[in-house]
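Okay, here's what each chain looks like letter by letter:
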Amino acid sequence: HIPSCGAVSLVSEAEKDVKAGTAATTSVKEDGESYVLENSKVKAIVNNKGELTSFILKESGREFAAGPLNKLRLYKDVPRLFDAWDIDSNYIEQEVEALIDARVEVVAEGLEGVLKVSGRISESTFVQYIRLAADSTRITFKTEIDWKELHRLLKAAFPVNVYAENGINEMQFGYVERPAHRSRLYDKDRFEVCNHRYSAFCDGSHGAAVLNDCKYGISMNDNALELTLLRAAATPEMRADNGMQTFTYAFTAWEGSFADCDVVRQGYELNVAPPVTAGAVKAFSGLTVDRSNVILDTMKPAEDGSGDVILRLYEAKKAATDAEISLGFDASGASLCDMLENVTEELEMTDGKLKLSFRAFEIKTVRVKR
């Protein structure tokens, strides 16, 4: 467990007095032509194509898979104009066979359960590692493809048992809601939309999300999230997208409302892995925030060289809230400032703690005097 804005030393079990059987684990079991990944929170079944035929949260016993999750789908993709920029809506009518000669093997179990999927997608070879960490509800798909296609569009489909009128697509400092159906003419024009770290479907009782680390196009229709992984344009440069491609995406689900879920944290964890280096340090925390929907996006030295610390925080879930910021370093004062780091309002600080009120999606920049 890593302290917020801090560090901790990792010690191997061999150096600690650990009782047998107390460590959290993920088991991997072969069941006929399928594989069962299971930890304390999730039970998932992976078929011999690397698709999740079942994803059950143990908290509720709810099945989230409405069809094979992580189903790779390949389409002909020949836009009428702007080959490298546009996707025409008729791609959906031109699906071709995607996965060929798939093989699945067990790589590891314990702190993390790992399956390796290898095979071909049309003329391209690929390797994908399906990973489920102990005590996690997030299954990740780390993928390497030697992409050799021309005029092809590759997507990963996640049809879920969540029926939502609108999908939630993350954008910088918040999210935007877009229709999860195509019943109106202007909805049909939005067959491909953008997202940053996550897109989600949810109702008042549960939800599911697809996360990514670099793939920002997605389609949403009925109850399916389909993340765009690769394209293969011919102009303005022939086969510009060809070559080795490496990326990671993930799937997670939760019980409860969107306001109470941890999908924002999950998106950050997928994108910002903590650096690990040799050495030792006394555990410390540089800063903590007592509200999960208030995110510290930036912590940096002031541009004027004064030694002050600039904090940029935002409310991530469209829910106004009061938050307490606790500083883990000595500070003599704090103030609100604009984006150019000019002070606009002095703040009251007591015992290294600041209280801030956020409107929905509000961004605040705070200048802290060391």
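All of these numbers come straight from a predicted model, not from anything done at the bench. (Residues numbered from 1 in each chain as written. Predicted model: local features only at pLDDT ≥ 70, side-chain atom pairs only at ≥ 80, totals over all residues. Heavy atoms only, no water.)

## Focus: the pairing of strand β31 (residues 363-369)
Counting buried positions along β31 yields 5 of 7 residues, so the element is predominantly enclosed. The pairing of strand β25 (residues 309-315) with β31 spans 6 bridges and is classified as antiparallel. Along β31, the bridge assignment pairs R312 with T365. The pairing of strand β27 (residues 333-337) with β31 spans 5 bridges and is antiparallel. (Buried < 20%, exposed > 50% of the residue type's maximum accessible area, 1.4 Å probe, protein only. Helix = DSSP H or I, 4+ residues; strand = E, 2+ residues; numbered from the N terminus. Pairing = 2+ DSSP bridges.)

## Some thoughts on the nonpolar core
The tendency in soluble globular proteins is for nonpolar side chains to be buried as a group. Counting 49 residues, the largest nonpolar core has F55, L72, L154, L229, Y249 and F251 as the members making the most contacts within it. Leave out the neighbours within four places in its chain, and L154 touches L72, R73, L74, I121, I145, W147, L227, T228, L229 and L230. By size, the runner-up hydrophobic cluster in this structure holds 19 residues, among which are W254, F258, Y268 and A316. (Core = buried A, V, L, I, M, F, W, Y, C linked by side-chain atoms within 4.5 Å. Contact = heavy atoms within 4.5 Å.)

## Some details on a nonpolar patch on the surface
Taken together, the side chains of I2, V8, L10 and V276 present a nonpolar region at the surface, about 410 Å² in accessible area. Assignment of secondary structure puts V276 in the loop between α2 (263-271) and β22 (284-285). The class for V276 is exposed, based on a relative accessible area of 67%. (Patch = residues over 30% accessible without salt bridge, like charges linked within 9 Å, V, L, I, M, F, W, Y side chains within 5 Å. Areas by Shrake-Rupley, 256 points an atom, 1.4 Å probe, with all protein chains shown as cover. Salt bridge = Lys/Arg side-chain N within 4 Å of Asp/Glu carboxyl O.)

## Details of the sheet that holds strand β4 (residues 42-46)
Pairing in this open sheet of 5 strands is antiparallel, and the strands run β2-β3-β4-β5-β6 from one edge to the other. Because the sheet does not close on itself, it has two edges, and the strands there are β2 (27-31) and β6 (62-63). Two elements, strand β3 (residues 34-38) and β4, share 4 bridges in a ladder whose sense is antiparallel. Across the sheet, L37 pairs through a bridge with A44, a residue of β4.

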